[in-house]
Amino acid sequence: MRTFRRYRRGEAGIGSIVIKFYHSGDQIRGYIRKVTDPEQEDTVFSSEELQVDDAFLMAENKHREAPDTPIFVELAEGIRWNPAWGKLI
């Protein structure tokens, strides 16, 4: 089972991958970014809106390039974690 960490600003180190989920109409969408400065909202992997599964897949593909870096999940206001998305620590 996949393991992700809950994103909190300043806790994700340089090189970490962050998946942000947000509302887009009546659906939940996501995008991923790579942290280049822990105090900034840096977007290195800019992408269009992704379905939840596609966002996880893209993050995992990027993670394979640097397997020691964690994947964080950031939830916009009103988004609740769905256990079907994987394990969150």
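Presented here is a report on the structure given in the accompanying data block. (Residues numbered from 1 in each chain as written. Predicted model: local features only at pLDDT ≥ 70, side-chain atom pairs only at ≥ 80, totals over all residues. Heavy atoms only, no water.)

Okay, the pattern of salt bridges next. Close approach of charged atoms lets side chains of opposite charge pair. Applying the stated criterion across every chain, the model contains two salt bridges. Where K20 meets E74, a salt bridge forms, and the shortest distance between an N and an O atom there is 3.8 Å. Remark: E74 occurs in strand 4 (residues 71-75) and K20 occurs in strand 2 (residues 17-24); sequence separation between them is 54 residues. Among the salt bridges present, the one from E74 reaches R33, with a minimum N-O distance of 3.5 Å. Residue E74 is found in strand 4, and its partner R33 is found in strand 3 (residues 27-34); the two are separated by 41 residues along the sequence. The exposure class assigned to E74 is buried, which follows from its relative accessible area of 12%. On the basis of relative accessible area, R33 is assigned to the buried category, the value being 1%. (Salt bridge = Lys/Arg side-chain N within 4 Å of Asp/Glu carboxyl O. Helix = DSSP H or I, 4+ residues; strand = E, 2+ residues; numbered from the N terminus. Buried < 20%, exposed > 50% of the residue type's maximum accessible area, 1.4 Å probe, protein only.)

Below, the discussion takes up the packing of aromatic side chains. Overall, the coordinates contain nine aromatic pairs when judged by the stated rule. With a centroid separation of 6.0 Å and 50° between ring planes, the pair formed by Y22 and Y31 is classed as tilted. Residue class for Y31 comes out partly exposed when judged on its relative accessible area of 22%. Between the aromatic rings of F56 and W81, the centroid separation amounts to 6.2 Å while the plane-to-plane angle is 90°, which identifies the pairing as edge-to-face. Linking F56 in helix 1 (residues 52-65) with W81 in the loop between strand 4 and strand 5 (87-88), this pair joins segments that are 25 residues apart in sequence. Grouping aromatic residues by their ring pairs yields a cluster made of F4, F21, F56, W81 and W85. (Phe/Tyr/Trp six-rings, centres within 6.5 Å; stacked < 30°, edge-to-face > 60°.)

Structurally, the position occupied by Y7 is in the loop between strand 1 (3-6) and strand 2. With a relative accessible area of 9%, Y7 lands in the buried category. Each C-alpha atom, one on Y7 and one on I71, is 8.8 Å from the other, the two residues being 64 residues apart in sequence. One polar contact links Y7 to R33, side chain to side chain, over a distance of 3.1 Å. (Polar contact = N/O pair within 3.5 Å; in protein donor to acceptor, adjacent residues only side chain to side chain.)

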